[in-house]
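# Descriptive analysis of the structure
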Amino acid sequence: ALLLLIFPTYDLTERCEVGHKFAVTSLNGSKIRSGFHLISAGIFLASLAGMSIWLFTKKNQWNISGERITRSRKDARNVCYKWCGGTMFFFLFSIVISFATDWDESSFYVNNSLTFWFESFAVWSFGISWMIKGRTFTFLNDKKEVVS
């Protein structure tokens, strides 16, 4: 994630409106820097998707307080984790395909900032998965079954 900040894609002042007296950054354009940024972003998003699909779905039969986890709630959470991870991989794959086919240079793609929206939906999907893992949604939390 830090590499994404250290290596921005392009000169952000090109996106600013003419006449404003501010600049976010002023860097000369570099295909190497942009390529490194895109590869780092792909690895970052893929690792978040992998966390959602493979790490969050690991089996844990007991929670910290010693209560047994009911399978129906765990199974429901696992379905959500897999959907969120799959959604992330879908949007990541969409970005890769758009760059591979030069669709990212079309006026529709540029005018609607589709890379931004694809990345945003992928990060939101991980956010939902993270909130489920953090037990934010009470209807997906475990029922209390005290084991003697």
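Worth saying up front: this structure is predicted, and the values here are computed from it rather than measured.

## Considering the overall build of the protein chain
Secondary structure assignment for the protein chain yields five helices and zero strands. Ordering the α and β elements of the protein chain from the N terminus gives α-α-α-α-α. Expressed as a percentage of the 148 residues in the protein chain, the buried residues total 31%. Put simply, 68% of the contacts in the protein chain that link residues at least 6 apart link residues at least 24 apart. Looking at the protein chain as shown, the accessible area adds up to about 10,300 Å², and 66% of this sits on carbon and sulfur atoms.

## Re a nonpolar patch on the surface
A contiguous nonpolar patch, built from L2, L3, L5, I6 and F36 and spanning about 530 Å² of accessible area, is present on the exposed surface. Ranked by residues supplied to the nonpolar patch, first place goes to helix α1 (residues 2-6) with four residues. Along the chain, L3 turns up in helix α1. Here L3 falls in the partly exposed class, since its relative accessible area comes to 39%.

## Section: unusual backbone geometry
Backbone geometry places D102, a non-glycine residue, at a positive phi of 60°. A positive phi angle, close to 65°, is found at R135, a residue other than glycine. Structurally, R135 is set in the segment after α5 (114-133).

## Looking at helix α2 (residues 31-55)
Between the first and last C-alpha of α2 there are 34 Å, a value that for 25 residues agrees with the 36 Å anticipated at 1.5 Å per step. Among all positions in α2, only R33, S34, H37, S40, A41, G42, L45, L48, A49, G50, S52 and I53 are buried.

## Points about α5
Between its first and last C-alpha atoms α5 spans 29 Å; for 20 residues at 1.5 Å apiece the expected length is 28 Å, and the two agree. Residues of α5 that are buried include every one of L114, T115, F118, S120, A122, S125, F126, S129 and I132, and no others. Note on α5: the residue one or two positions beyond its end, R135, has a positive phi of about 65°.

## Digging into the nonpolar core
Of all hydrophobic cores here, the largest spans 16 residues; its most connected members are L45, M88, F118, A122 and F126. Residue assignment for this core shows that the elements contributing at least two residues are α2, α3 (71-100) and α5. Those residues in contact with F126 that sit more than four places away from it in its chain are L48, M51, F56 and M88.

## A closer look at the confidence of the model for the protein chain
Averaged over all residues, the pLDDT of the protein chain is 81; the fraction at 70 or higher stands at 74%. The least confident element of the protein chain, judged by mean pLDDT, is α1 at 80; the most confident is α5 at 93.

## Side note on the side chain of N78
Secondary-structure assignment places N78 in helix α3. Look past the residues within four positions of N78 in its chain and what remains in contact with it is F56 and T57.

Analysis parameters
- Residues numbered from 1 in each chain as written.
- Predicted model: local features only at pLDDT ≥ 70, side-chain atom pairs only at ≥ 80, totals over all residues.
- Heavy atoms only, no water.
- Helix = DSSP H or I, 4+ residues; strand = E, 2+ residues; numbered from the N terminus.
- Buried < 20%, exposed > 50% of the residue type's maximum accessible area, 1.4 Å probe, protein only.
- Contact = heavy atoms within 4.5 Å.
- Areas by Shrake-Rupley, 256 points an atom, 1.4 Å probe, with all protein chains shown as cover.
- Patch = residues over 30% accessible without salt bridge, like charges linked within 9 Å, V, L, I, M, F, W, Y side chains within 5 Å.
- Salt bridge = Lys/Arg side-chain N within 4 Å of Asp/Glu carboxyl O.
- Expected span 1.5 Å × (residues − 1).
- Core = buried A, V, L, I, M, F, W, Y, C linked by side-chain atoms within 4.5 Å.
- pLDDT = per-residue confidence, 0-100.

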